[in-house]
Amino acid sequence: METIIQANIPKISVIVPVYNVEKYIRRCIDSILLQAYTNFELLLVNDGSTDNSGKICDEYAKIDQRIKVFHKQNGGVSSARNLGLDKAIGEWITFVDSDDYITKSYLENLIKEVKSNDCIVISNYHHCNKPPMMQLENISLSKRNMVKYFFDHHIFNLSVPYSKLFSSHIINQNHIRYPLGIHMGEDGIFMAQYLNCISSAIIINTLDYNVNETEGSLSSKYYSFNSEWECYKTWKKELLSFINRFGNIYPDPLKIVWENRISETFNRCLQCTYKNRNKLPLKEQITYLKNIPETDYNEYSKYFMPKTLKKKILKTLIKYKMFFLYIMIGNFSFK
């Protein structure tokens, strides 16, 4: 490959956190370098890989001046993305996961929709060889219409970091970064914090991003109660801020927020007591459940609407503070 000389400040910064993906990283980088839109920089953040991933990144940096490689101690994907944000100089930011890949038109289809730096561009994506999780329509939204559309159409189900274009100006002006210490839901928190600083959004139904199928997705893992609880509280706070940002839209904002991912995050707080990979003593599991504030339990009882018999039973046990039975049934069904 010939060396490409970068003459201008890039319009887009593509941030790729890298950790032990020597099997996929070449495909990922190649798909980015083959973009029809070429005015970008590529930031590869090696998060303490123990395989050849970092070495492969360095090899690519030698043949394309748009590539910048940063090596750091392992600190998790959020810290890697944050370092990328610290180093990025492009006007716009997009993220690509290192085991995924994009089509040739990915950047072009995102950047051509930009009308101002006070917006977000969201496109669709799909898991390889599978249809997209949800269908999107091509639409431009602003202020109250943006808020209502995001909640009515459950756009927060697409809170992954990729398939989006973020304004560097908005991110840096408002000191938006991925929260550390939270291992699930940090993407949604970042997106919600960003939405609370803008007044418009563009949604397009392009399928230019391919998510690689890997075993053991993050959504199937459970972390410490404190980590799960911090995710629940922070995400709920940001969504409540967003839903009320342009005045009253819904008669019961809490109900709408609980219908948009908050039921899921609160249930993770309950379930992590017995699903956590670091098994807790029974007494400690019950203590965590007892210490959850009554206001949160009241919201859970009012707004969480389980659809299966098993979930209805578990909700009833929580409602009447039958924590021992809840954990016993949870442990039994988890095995």
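Below: a short report on this structure. (Residues numbered from 1 in each chain as written. Predicted model: local features only at pLDDT ≥ 70, side-chain atom pairs only at ≥ 80, totals over all residues. Heavy atoms only, no water.)

A tally of regular secondary structure across the chain gives 13 helices and 9 strands. Its C-alpha atoms give the chain a radius of gyration of 21 Å, near enough to 20 Å, the size a compact globule of 335 residues would have. Principal-axis analysis of the C-alpha atoms gives the chain an extent of 65 × 45 × 35 Å. Buried residues in the chain amount to 53% of all 335 residues. Counted over contacts in the chain with a minimum sequence separation of 6, partners at least 24 positions apart contribute 81%. Accessible area of the chain: about 15800 Å², with a carbon and sulfur share of 53%. The centroid of the 42 positive side-chain charges in the chain is displaced by 7 Å from the centroid of its 34 negative side-chain charges. (Helix = DSSP H or I, 4+ residues; strand = E, 2+ residues; numbered from the N terminus. Rg over C-alpha atoms; globule rule 2.2 N^0.38 Å. Buried < 20%, exposed > 50% of the residue type's maximum accessible area, 1.4 Å probe, protein only. Contact = heavy atoms within 4.5 Å. Areas by Shrake-Rupley, 256 points an atom, 1.4 Å probe, with all protein chains shown as cover. Lys, Arg positive; Asp, Glu negative; His and termini not counted. Charge placed at Lys NZ, Arg CZ, Asp CG, Glu CD.)

Looking now at the pairing of strand 8 (residues 164-167). The alternating pattern of strand 8 places K164 and F166 and L165 and S167 on opposite faces, both of which are buried. Across 2 bridges, strand 4 (residues 92-95) lies against strand 8 in antiparallel orientation. Counterpart to I93 in the pairing with strand 8 is F166. In the sheet, strand 6 (residues 119-127) pairs with strand 8 via 3 bridges, with the strands oriented antiparallel. Looking across to strand 8, one finds that I122 is bridged to K164. (Pairing = 2+ DSSP bridges.)

This paragraph deals with the environment of K72. Counting through the fold element by element, K72 comes out in strand 3 (residues 67-72). Linking K72 and S49, residues 23 residues apart in sequence, is a C-alpha distance of 8.9 Å. Every residue in contact with K72, bar those within four places of it in the chain, is listed here: V45, N46, D47, G48, S79, A80 and L83. For K72, the side chain forms a polar contact with the side chain of D47, separated by 2.6 Å. (Polar contact = N/O pair within 3.5 Å; in protein donor to acceptor, adjacent residues only side chain to side chain.)

Our focus in this paragraph is helix 1 (residues 25-33). Those residues of helix 1 lying buried are I25, C28, I29, S31, I32 and L33. Where helix 1 is buried, its residues meet strand 1 (12-18), strand 2 (40-47), helix 2 (53-61), strand 3 and strand 5 (101-102).

Before going further, it helps to spend a moment on the side chain of T273. Structurally, T273 is set in helix 9 (residues 253-275). Of note is the side chain of T273, whose polar atom sits 2.6 Å from the backbone oxygen of L270. Ignoring any residue separated from it by four or fewer positions in sequence, one finds T273 in contact with F225, L280, Q285, Y288 and L289.

Residue N20 is not a glycine yet carries a positive backbone phi of 50°. Despite not being glycine, H175 has its phi angle at roughly 50°, a positive value. Residue H175 is classed as exposed on the basis of its relative accessible area, which comes to 69%.

Checked against the element boundaries, S241 lands in helix 8 (residues 225-243). For the pair S241 and K311, spaced 70 residues apart in sequence, the C-alpha to C-alpha distance is 29 Å.

Here we take up the nonpolar core. Ranked by size, the top nonpolar core spans 106 residues in total, and within it L42, F150 and F151 carry the most contacts. If we skip the residues at most four places from it in the chain, F150 touches I122, L141, I155, F156, M191, L195, A201, I203, F242 and N260. (Core = buried A, V, L, I, M, F, W, Y, C linked by side-chain atoms within 4.5 Å.)

As a further point, take the pattern of salt bridges. One side chain can pair with another of opposite charge once the charged atoms of both are near each other. The full count for this structure, using the stated rule, is 16 salt bridges. For the salt bridge of R261 with E264, the shortest nitrogen-to-oxygen distance reads 2.8 Å. A residue pair is termed a helical-turn pair when its members lie 3 or 4 positions apart in one helix, as R261 and E264 do in helix 9 at 3 residues. For E264, a relative accessible area of 36% corresponds to the partly exposed category. Of the charged contacts in the structure, one is a salt bridge between E294 and K321, with a shortest N-O distance of 3.3 Å. With a gap of 27 residues between them, E294 in helix 11 (residues 294-303) and K321 in the loop between helix 12 (309-319) and helix 13 (323-334) connect regions that are remote in the sequence. Overlapping salt bridges bring together K233, K236, D296 and E299 as one network. (Salt bridge = Lys/Arg side-chain N within 4 Å of Asp/Glu carboxyl O.)

Summed over all chains, the structure comprises 27 aromatic pairs. Aromatic side chains F150 and F156 sit 5.9 Å apart centroid to centroid with 65° between the ring planes, which places their arrangement in the edge-to-face category. Relative accessible area serves as the criterion here: at 0%, F150 is assigned to the buried category. When the centroid spacing of 5.0 Å and the interplanar angle of 85° are considered together, the rings of F166 and Y194 count as edge-to-face. You can see F166 sitting in strand 8 and its partner Y194 sitting in helix 7 (residues 186-195), a full 28 residues away along the chain. Each member of the pair, F166 as well as Y194, is classed as buried. Taken together through their ring pairs, the aromatic side chains of F225, W229, Y232, W258, F266, Y288, Y297, Y300, F304 and F323 make up a single cluster. (Phe/Tyr/Trp six-rings, centres within 6.5 Å; stacked < 30°, edge-to-face > 60°.)

Note that every value here comes from positions in space, so none of it alone points to a role or purpose.
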